[in-house]
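Given next are the chains, with one letter for each unit.
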Amino acid sequence: SPSSKLLPHHHNISQTHFLSFLSHPVSLTIMPSHSRLPPLPSLREILSLFKITAKKNLSQNFLLNLKLCEEIVKDGFRLSSFHKVAANNPWNEHEYQLPRNYTSHQKHLLHHEAMTQHDLDFYNKIVVEIGPGPGAITRPLLDAGCRQLIAVELDERFFPGLSMIGQNCDRFKLVHGDILEVDEKELLETLCQKEDYFSSSWQDESSVAFVGNLPFNISTPLLFKWMRQISTRTGSFGIAGRSEMILMFQDEVAHKIVSPPGTKEYGRLSIVSQNQCHAEYLFKVRSGSFTPAPKIDGAIVRLIPRVQPQVDLESTLLEAFCNIILNSRRKSLMNNFRLSNVGDDTVKELFKATKEVNNNAYNARAETLTVKQIASLAKEFFTNPQFEGVSKAHREASTRRKITPTKAEHSYLDEMERLASRALAKRKPAKTAEQV
């Protein structure tokens, strides 16, 4: 029988607001859903209906191909088949009455439907989606049957369209806020049952995941934010454990995240990310798949926090060390240390004290060292009292440093600013009162 639920107008969550799916408090009737969400306007119709166009200052490029978004969900969560998983969605029949531990249902699926463990794990996932926009990835996530979906959206223009999803699925929550400022831990504690997300052991697989078609101007700052939380096991990672991240980056940035030593893409992003996570490049998304189409392709990357980092060191300190040794990529490590006012004798002592590298490795370039070697040097530099006098200034600078976009992201933003200026120049000047 139909279930009724009174949705509040809003609920304060720090600096963000939990938004109801409608403009005013109402008694909302939720009809039992079937294997998929009920028929909804297409994504293009949503944009047209609410007169939404991409904002260049927010780096907005919409994905409107649902087939592609289903592939993102399928490959990102390693599902055997998107449509098979969606068809067996356990939340369809009794949205609010299914037991949290549905072992008999799992055994039935494993025996009769050849479901994989990844398929079943997805049913227990709480997914936090960054920037859902018109809902291109939101719909496949709910169709496939995640336990709960929390969407964090900054642009209020998308709320009426997303409310259509909320009216038909009680597993969907919408949060208004900037993901760089949002406290994900507080979101989970406020919007979810503790037993659904809490992980008492870092070794266990987390029931929380992050997904998003990231605006290119926030992708690097957001990645470093999460790497810092993983290294200190704070934020949502402190209560939900090793949450996997399935994210859309600029293709160039994606290659930098996963690149091995010795490649031209290998650098700060590679070192910081791979020290804390297993990083995997899944597939490229051509620029023509976006609306409007950017000049740069995108790519899907999956990041899963390691049970043990390659070197146990706070991410902020590793970032600071990377700034020293990668100051000039074409220079040797010794010359880069000199540029940061670290004396030659100190550098030689540092390499002697670090077992993972050769004593004379300071004559090589940083890109030739592995992530573990660089992180080991960084740990020795910042934790050995022998180098405290030299490393103190760099440690203090790391706490004040503001994360900035990469060079690739700067070029993208510059292009967007140029296009915006051209569009403004073409506009006809407003008529004065006398002309009217």
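Everything below is about the structure shown above.
Residues numbered from 1 in each chain as written. Predicted model: local features only at pLDDT ≥ 70, side-chain atom pairs only at ≥ 80, totals over all residues. Heavy atoms only, no water.

Colleague: Provide a residue-level description of helix H8 (residues 184–191), including the pertinent values.
Modeller: The set of residues buried in H8 consists of Glu 184, Leu 187, Leu 188 and Leu 191. Buried residues of H8, seen end-on, are gathered within an arc of 95° and therefore sit on one face of the element. Put simply, Asp 183 is the residue that caps the front of H8, since its side-chain oxygen is 3.1 Å from the backbone nitrogen of Lys 185. (Buried < 20%, exposed > 50% of the residue type's maximum accessible area, 1.4 Å probe, protein only. Helix = DSSP H or I, 4+ residues; strand = E, 2+ residues; numbered from the N terminus. Arc of directions from axis to C-beta. Polar contact = N/O pair within 3.5 Å; in protein donor to acceptor, adjacent residues only side chain to side chain.)

Colleague: Tell me about the side chain of Lys 125, and name the residues and values.
Modeller: Mapped onto the elements of the fold, Lys 125 is located in the loop between helix H5 (117–123) and strand E6 (126–130). A polar contact of 2.7 Å, which involves the side chain of Lys 125, links it to the backbone oxygen of Ser 206. A distance of 3.4 Å separates polar atoms of two side chains, one belonging to Lys 125 and the other to Glu 244. With residues near it in sequence (within four places) discarded, Lys 125 still touches Cys 146, Arg 147, Gln 148, Glu 205, Ser 206, Ser 207, Val 208, Ala 209 and Glu 244. (Contact = heavy atoms within 4.5 Å.)

Colleague: Go over unusual backbone geometry with me, naming the residues and quoting the values.
Modeller: Between Thr 291 and the following residue, Pro 292, the backbone shows a cis peptide bond with an omega angle of -5°. With respect to the helices and strands, the residue Pro 292 is situated in the loop between strand E12 (290–291) and strand E13 (298–305). The backbone of Ser 59 shows a phi angle near 55°, a positive value even though the residue is not glycine. Mapped onto the secondary structure, Ser 59 falls in the loop between helix H1 (43–49) and strand E5 (62–63). For Arg 233, which is not glycine, the phi torsion reads 55° and is therefore positive. Mapped onto the secondary structure, Arg 233 falls in the loop between helix H10 (219–232) and helix H11 (236–240). With a relative accessible area of 39%, Arg 233 lands in the partly exposed category.

Colleague: Before we move on, can you summarise the packing of aromatic side chains with the specific residues and values?
Modeller: Throughout the structure, instances matching the rule amount to nine aromatic pairs. Grouping aromatic residues by their ring pairs yields a cluster made of Phe 321, Phe 337, Phe 381 and Phe 382. Over the ring of Phe 158 we find Arg 157, and its NZ or CZ is 5.8 Å from the ring centre. Across the ring face of Phe 198, the terminal group of Lys 194 is positioned such that the distance to the ring centre comes to 4.9 Å. (Phe/Tyr/Trp six-rings, centres within 6.5 Å; stacked < 30°, edge-to-face > 60°. Lys NZ or Arg CZ within 6 Å of the ring centre and 35° of its normal.)

Colleague: I'd love a proper account of the pattern of salt bridges, names of residues and values included.
Modeller: Overall, the coordinates contain 15 salt bridges when judged by the stated rule. For Lys 74, the salt bridge identified is with Asp 75, shortest N-O distance 3.4 Å. For Asp 75, a relative accessible area of 25% puts it in the partly exposed group. A salt bridge links Arg 78 to Glu 244, with the shortest nitrogen-to-oxygen separation between them at 3.1 Å. (Salt bridge = Lys/Arg side-chain N within 4 Å of Asp/Glu carboxyl O.)

Colleague: Quick rundown of H10? Include the residues and the values.
Modeller: Here H10 spans 20 Å end to end across 14 residues, near enough to the 20 Å set by a 1.5 Å rise per residue. Most of H10 is tucked away: twelve of the 14 residues are buried. Turning to H10, its buried residues number three or more, namely Ser 219, Thr 220, Pro 221, Leu 222, Leu 223, Phe 224, Lys 225, Trp 226, Met 227, Gln 229, Ile 230 and Ser 231. Positive backbone phi, at 55°, marks Arg 233, one or two positions downstream of H10. (Expected span 1.5 Å × (residues − 1).)

Colleague: Describe the nonpolar core, and please don't skip the residues or the numbers.
Modeller: Counting 71 residues, the largest nonpolar core has Met 245, Phe 249, Phe 321 and Phe 337 as its most contacted members. Not counting residues up to four positions away in its chain, the partners in contact with Met 245 are Phe 210, Trp 226, Met 227, Ile 230, Phe 237, Cys 277, Val 301, Arg 302, Leu 303 and Pro 305. Residues Ile 52, Ala 136, Ala 144 and Phe 158 belong to the second largest nonpolar core, which totals 45 residues. (Core = buried A, V, L, I, M, F, W, Y, C linked by side-chain atoms within 4.5 Å.)

Colleague: Tell me what's going on with the packing of helix H12 (residues 251–258) against helix H13 (residues 268–276), and back it up with residues and numbers.
Modeller: Helix packing for two helices is described by the angle between their axes and how far apart those axes are. Contact pair H12 / H13: the axes reach a minimum separation of 6 Å and the direction vectors enclose 55°. The orientation of H12 relative to H13 falls into the category oblique. In this structure, the crossing between H12 and H13 has a hand that is right-handed. Here H12 contributes Val 253, Lys 256, Ile 257 and Val 258 to the contact with H13, which in turn contributes Leu 269, Ser 270, Ser 273 and Gln 274. Considered class by class, the residues forming the contact of H12 with H13 number four nonpolar, three polar and one charged. (Axes fitted to C-alpha atoms, helices over the stretch in contact; angles between N-to-C directions. Parallel < 35°, antiparallel > 145°, perpendicular 65-115°, else oblique. Left-handed = near helix turned anticlockwise from the far one by under 90°. Nonpolar A, V, L, I, M, F, W, Y, C, P; charged D, E, K, R; others polar.)

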